[in-house]
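Reading the structure
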Amino acid sequence: MSYDLVVIGTGPGGYVCAIRAAQLGMKVAVVEKRKTHGGTCLNIGCIPSKALLYASDIYELAGHDFAPLGIVVGKPTLDLPAMMKHKDDTVAANVNGVGFLLKKHKIESFFGHGSIKAAGKVDVLGDDGKTTSLETKHIVIATGSDVATPPGVDVAFDETTIVSSTGAIALDKVPAKLIVVGAGVIGLELGSVWHRLGAEVVVVEYLDRILPGMDNEVARTFHRILEKQGFVFHLSSKVTKVEKTAKGASVTFSPVAGGDAVTLEGDVVLVATGRRPYTENLGLEGVGVAMERGRVIIDNHFATNVPGIYAIGDVVRGPMLAHKAEDEGVAAAEIIAGQHGHVNYDVIPGVVYTMPEIASIGKTEEELKAAGIDYKSGKFPFTANGRARAIRHTDGFVKILADATTDRVLGVHIIGSGAGELIAECAVLMEFGGSSEDLARTCHAHPTMSEAVKEAAMAVEKRQIHM
């Protein structure tokens, strides 16, 4: 069987690349090791975790926030199987949707483990032990990432008591105590789910802060909010052991600066210390694809050093984000078709789907200072926003960073309810090279949370109105 393009992996990067290539007239096939399309994101990552974050947030609202709104209900009862069914139904709808789109664009699907035998050949080993060989002009590697563990720590996942994110979205009961290793996005999101449902949550983090890489002021603010919610943190702590116990699991850690080891016992331990590129057994070494620290090396056109082989998403440089992979998938397909695909890596938002949400795009203050860039900052709190007061979500703020000379917006950082949606207009503004003045003079509907974005833009020149 011969194709113009074979895409290995049908996560957000892979299936989007395949669809765009088909739109451009290519004959396309995809290879997927799972029995369903969608990759980690749709099956065991972004989509199911957001379904649980939404459901658990509503559960917490019903238990604590209805009465001040004049809604009198009894104490809510958790039906965890029903909540998990909501998650599973959401996953199924999204996964089936991707399958439909691939069929709609006449893209052939091959299920099994794909490996590259040569620049123009991909073998697919099916569950039945049979191998199907695909001939193709171009190959795109879009195999995503897998769970990473703390360096030097042997972690034996059973996905019931010692769990990765995969097990953490499928627990059959609420743990009395959940220990989370890692204070990044995944750990704090899934920790929030189970904390809302009744678990005591303790987070152990190697660094001296949570959410590494995000704006430090935002991270410090969120740290205080989570502690107020009931989270317990052990920062600057190096994990040395994670093991099962008679009653559950334990985590042993020592202060990074030195000191006695501490062992915490819990019902469940979630190891959420990031992810690593999934490139094993793809045949990359055999065909000579250059790698660096587990990642595929590409040029500015997503091409590897082997002609005809490209790579996108989590297996290449840059943040491991589904929307980044999607944009790369579109760009790679267009480049292969002879067009001018492009991704602006300075304008890729990142979101933490907790309550409050956190959204960030562009440079942080720390990055601007390190680069020696002179900037102005405008900040506006949600406590001064009418809509935020009306919906009782006044935690957080919007911060806009603009070049001191040109006023071009260089970064936006939001902590607050709906931050993931609010960041979109900032992405559009930055994509077009907009200034804080542009945003400040754009009329925003009243009353909306987005008015805080406008006021933060006005605050860059110290002319905000409502504070």
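All values reported here derive from a predicted model rather than from experimental measurement.

Helix and strand counts for the protein stand at 14 helices and 24 strands. Seen along its three principal axes, the alpha-carbon backbone of the protein occupies a region of about 65 × 60 × 50 Å. The buried share among the 467 residues of the protein stands at 52%. Sequence separation of 24 or more characterises 62% of the internal contacts of the protein that already satisfy a separation of 6 or more. Charged side chains in the protein number 46 positive and 55 negative. The centres of these two groups are separated by 2 Å.

Note on placement: threonine 161 falls in the loop between β7 (145–147) and β8 (162–163). Looking at threonine 161, the relative accessible area reads 17%, which means it is buried. Separated by 2.7 Å, the side chains of threonine 161 and aspartate 158 make a polar contact.

Let us now look at the environment of threonine 279. Along the chain, the position of threonine 279 falls in the loop between β16 (275–277) and α8 (284–287). Apart from the residues within four sequence positions on either side, threonine 279 is in contact with Leu284, Met291, Gly294, Val296 and Val315. Of the polar contacts made by the side chain of threonine 279, one reaches the backbone oxygen of glycine 294; its length is 3.5 Å.

When the terminal C-alpha atoms of helix α12 (residues 419–431) are compared, their 18 Å separation across 13 residues agrees well with the 18 Å that a helix rising 1.5 Å per residue should span. For α12, the full list of buried residues reads Ala419, Leu422, Ile423, Cys426, Ala427, Leu429 and Met430. The secondary structure elements touched by the buried residues of α12 are β21 (357–362), β24 (409–416), α13 (436–440) and α14 (451–459). Note on α12: the residue one or two positions beyond its end, glycine 433, has a positive phi of about 70°.

What counts and how
- Residues numbered from 1 in each chain as written.
- Predicted model: local features only at pLDDT ≥ 70, side-chain atom pairs only at ≥ 80, totals over all residues.
- Heavy atoms only, no water.
- Helix = DSSP H or I, 4+ residues; strand = E, 2+ residues; numbered from the N terminus.
- Buried < 20%, exposed > 50% of the residue type's maximum accessible area, 1.4 Å probe, protein only.
- Contact = heavy atoms within 4.5 Å.
- Lys, Arg positive; Asp, Glu negative; His and termini not counted.
- Charge placed at Lys NZ, Arg CZ, Asp CG, Glu CD.
- Polar contact = N/O pair within 3.5 Å; in protein donor to acceptor, adjacent residues only side chain to side chain.
- Expected span 1.5 Å × (residues − 1).

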